[in-house]
Amino acid sequence: MSERVPLHLLSGFLGSGKTTLLRRMLDTPALGDSAVLVNELGEIGLDHHLLRHIDGETVLLRSGCICCTVRDDLGAALKDLLNRRARGEVPAFTRIIVESTGLADPVPILSTVAADPTLRHHLRIGRVVTTVDAVNAGLQNRQQPEFAKQVAVADRLVLTKTDIASAEPIFPVLRAINPGASVHLVMDPSLDVADLLAEADTRAEALAWTTPPSRLRSAPAHEAGVHSFCMVFDRPVDWVTLGIWLTMLLHANGASILRVKGLLDVAGAEHPVFINGVQHVMHQPLHLDEWPDGDRRSRLVFIVRDLSRELIERSARAFLGHVPEYA
Amino acid sequence: MCGLCGIVGNAPHWTDGVPGPSVSAPSASGPAAPDTPSRRRERQERVRGLNRVLAPFGLTASDWQAHAYIIATRTGRSEIVDNVAHLWQAAARLRGKPCDPLDPVLIARLEGDARP
């Protein structure tokens, strides 16, 4: 099988600077071999980048990027794009960037790829980048449940409008919802937007999510009832039982489990295993060659909405027969 | 999975096999996990584990040809599924609501089972 093309997702509220960030990405030579799927071509103001129209919904930019409009069906748009790539009708892009609509739940986009055998064969989920507007983040967090979801599913958070409002009050809000994502400032002159889409080193990612323990202690539930916590297990985890428990938990409560990540000491396995899920969508688990730090205990990090930490812990204990304890 | 035979084309699930350098980790859409003795043992363990959890809901699980699982009610209604994630969807259809691992009755039952 040829290497799968990463599909990166650009998420963020209306007016949070998502399109501005996308425009910056389109200006970046290192991202010239991208296919970008947007809601409306007119909105990103591509005129000075335009090389030619391929058809009514697809344009080729001078950088080599292809930009397409998605009408209703993202899955169909992605398949059409892959077909045209295979036929040589569009440049052989090496990544896809999908811009989600401002108020949309980004998870169905990830589910589209994970659930469709054709798309799964050709694509893999890459980075989820979410823009957060420093001026309105507090209000959005209180009033819009989608805000927490967009923050929770992010691998990278990009704070915008920090020239108007201080970023400081936003950090604890973001950390409480998503303790593992890296946070960047769009105004930072050293920010390389290509880096936002770079592959994460699995070891570093596992470390960022599961240490230091103090960062992963259960944060007080914020206004929308979203909180994160870490369970640390005192003995190796049985893989089969964990699979039963987690698939059952995600099926029954997937809408309330915004994120699950874990670094696991699996019974009988030599290497630690890193698991990563967004609501119902679980990425393929990865093994690490070695533990990223001296702590070899299994750790599971959850970001949940309106779910009792104690109940999840008790359920894990009943299924797995372990005594999870907080770090 | 083929709806007729239940065998051809079922993609491996993330729960199939512990990922590691010595185990062929399932690819996103590659062939199904090989039918090795260790995989068969793993499937047997999974069926045992599933039945422990499904019993309080009046459901049973069994292996089918080492390629699928059958989930059934006490009255004999059944569905064939290709992985454990699909099994929970089928369980919800068969009983009319999801099997929730946070269900206090289930947790109490499992805790009772674990007591010596």
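Bear in mind that the values here come from a model prediction, so they are computed numbers and not experimental data.

J.: Mind laying out the environment of P29(A), listing which residues take part and the relevant values?
T.: Residues and elements named next belong to chain A. Locating P29 in the fold gives a position in the loop between α1 (18–26) and β2 (34–38). By relative accessible area, which is 76% here, P29 ends up exposed. In this structure, the C-alpha to C-alpha distance between P29 and S63, residues 34 residues apart in sequence, is 6.5 Å.

J.: Explain the packing of aromatic side chains residue by residue, including any values.
T.: Under the counting rule described, the total for this entry stands at four aromatic pairs over all chains. For the ring pair W239(A) and W14(B), a centre distance of 5.9 Å and an interplane angle of 85° mean the geometry is edge-to-face. Of this pair, W239(A) sits in helix α11 (residues 239–253) while W14(B) sits in the segment before α1 (37–54), on two different chains. For the pair W239(A) and W14(B), a shared accessibility class is recorded, and that class is buried. Taken together through their ring pairs, the aromatic side chains of F229(A), W245(A) and F302(A) make up a single cluster. Positioned above the aromatic ring of F93(A), the side-chain terminus of R85(A) is 5.0 Å from the ring centre.

J.: Residues and numbers for the pairing of strand β10 (residues 226–232) of chain A, please.
T.: Residue and element names in this part refer to chain A. Among the seven residues in β10, seven count as buried, and that is most of the element. Sheet analysis places β10 next to strand β15 (residues 299–305), joined by seven bridges and oriented antiparallel. Within the sheet, the bridge partner assigned to H227 lies in β15 and is V304.

J.: Could you give me a rundown of the interface of chain B and chain A, with the residues and numbers involved?
T.: Each side of the interface is counted separately: chain B has 36 residues, and chain A has 34 residues. Of the roughly 3,000 Å² buried between chain B and chain A, counting both surfaces, carbon and sulfur atoms make up 72%. Along the contact surface separating chain B from chain A lie one salt bridge. Note that R314(A) and E111(B) form a salt bridge whose closest N and O atoms lie 2.8 Å from each other. For the pair chain B and chain A, the interface holds eight residue pairs in polar contact (both at pLDDT 80 or more). Among the elements of the structure, α1, α2 (84–95) and α3 (104–114) of chain B are those that each provide at least two residues to the side of chain B that touches chain A. For the side of chain B that touches chain A, the leading source of residues is α1(B), giving seven residues. By residue class, the composition of the side of chain B that touches chain A is 23 nonpolar, seven polar and six charged.

J.: Just give me the short version of the nonpolar core, but keep the residues and values in it.
T.: In terms of nonpolar packing, the biggest core is built from 52 residues, with W245(A), L246(A), L300(A), F302(A) and W88(B) touching the most fellow members. If you look at the next biggest cluster of nonpolar residues, it comprises 29 residues, including L37(A), V98(A), L119(A) and I125(A).

J.: Could you give an account of the sheet that holds strand β8 (residues 156–160) of chain A, naming the residues involved and the relevant values?
T.: Residues and elements named next belong to chain A. Read across the sheet, nine strands follow the order β3-β4-β5-β2-β6-β1-β7-β8-β9 without closing on themselves; strand pairing throughout is mixed. Looking at the sheet topology across the chains shown, the edges are occupied by β3 (50–55) and β9 (182–185). With strand direction ignored, the average angle separating the axes of adjacent strands in the sheet is 20°. In this sheet, β9 lies alongside β8 in parallel orientation, the contact comprising four bridges.

J.: Account for unusual backbone geometry, naming residues and giving values.
T.: The phi angle of most residues is negative, glycine excepted, and most peptide bonds adopt the trans form. All names here are of chain B. Phi at Q65 is positive, roughly 60°, even though this residue is not glycine. Residue position: Q65 is located in the loop between β1 (59–64) and β2 (68–73). Owing to a relative accessible area of 54%, Q65 belongs among the exposed residues under this scheme. The phi angle at A66 is positive, at roughly 60°, despite the residue not being glycine. Checked against the element boundaries, A66 lands in the loop between β1 and β2. Given the relative accessible area of 19%, A66 is considered buried.

J.: Just give me the short version of the pairing of strand β7 (residues 123–133) of chain A, but keep the residues and values in it.
T.: All names here are of chain A. Where burial is concerned, most of β7 is hidden: ten out of the eleven residues are buried. When strand β1 (residues 5–12) meets β7, the two strands line up parallel, connected through seven bridges. Paired with V5 across the two strands is L123, which belongs to β7. Two strands pair when backbone bridges link them, and β7 and β8 are joined in this way by five bridges, in the parallel orientation. Within β8, the position partnered with T131 by the bridge is V158.

J.: Go over the sheet that holds β2(B), please, and point to the residues and values.
T.: Residue and element names in this part refer to chain B. Spatially, β1-β2-β3 is the arrangement adopted by the three strands of the open sheet, whose pairing is antiparallel. Every interior strand has two partners, whereas the edge strands, β1 and β3 (78–81), have only one. The mean inter-strand angle of the sheet, taken between neighbouring strand axes irrespective of direction, is 20°. Here β2 runs beside β3; their pairing, made up of four bridges, is antiparallel. Within the sheet, the bridge partner assigned to I71 lies in β3 and is E79. Seen against the sheet, α1 touches β1 and β2 and runs at an angle of roughly 170° to β1.

J.: Let's hear about the packing of α1(B) against α2(B): which residues, and what values?
T.: Residues and elements named next belong to chain B. Orientation of α1 relative to α2, taken along the N-to-C sense of each, is 25°, at an axis distance of 13 Å. Between α1 and α2, the interaxial angle falls into the category roughly parallel. The interaxial crossing formed by α1 with α2 has right-handed handedness. Residues R46, L50, V53 and L54 of α1 form the contact with α2, whose participating residues are V84, L87 and W88. Across the contact of α1 with α2, the residue classes break down as six nonpolar, no polar and one charged.

Basis of the calculations
Residues numbered from 1 in each chain as written. Chains lettered and ligands numbered in written order. Predicted model: local features only at pLDDT ≥ 70, side-chain atom pairs only at ≥ 80, totals over all residues. Heavy atoms only, no water. Helix = DSSP H or I, 4+ residues; strand = E, 2+ residues; numbered from the N terminus. Buried < 20%, exposed > 50% of the residue type's maximum accessible area, 1.4 Å probe, protein only. Phe/Tyr/Trp six-rings, centres within 6.5 Å; stacked < 30°, edge-to-face > 60°. Lys NZ or Arg CZ within 6 Å of the ring centre and 35° of its normal. Pairing = 2+ DSSP bridges. Contact = heavy atoms within 4.5 Å. Buried area = accessible area lost by both parts, 1.4 Å probe. Salt bridge = Lys/Arg side-chain N within 4 Å of Asp/Glu carboxyl O. Polar contact = N/O pair within 3.5 Å; in protein donor to acceptor, adjacent residues only side chain to side chain. Nonpolar A, V, L, I, M, F, W, Y, C, P; charged D, E, K, R; others polar. Core = buried A, V, L, I, M, F, W, Y, C linked by side-chain atoms within 4.5 Å. Axes fitted to C-alpha atoms, helices over the stretch in contact; angles between N-to-C directions. Parallel < 35°, antiparallel > 145°, perpendicular 65-115°, else oblique. Left-handed = near helix turned anticlockwise from the far one by under 90°.

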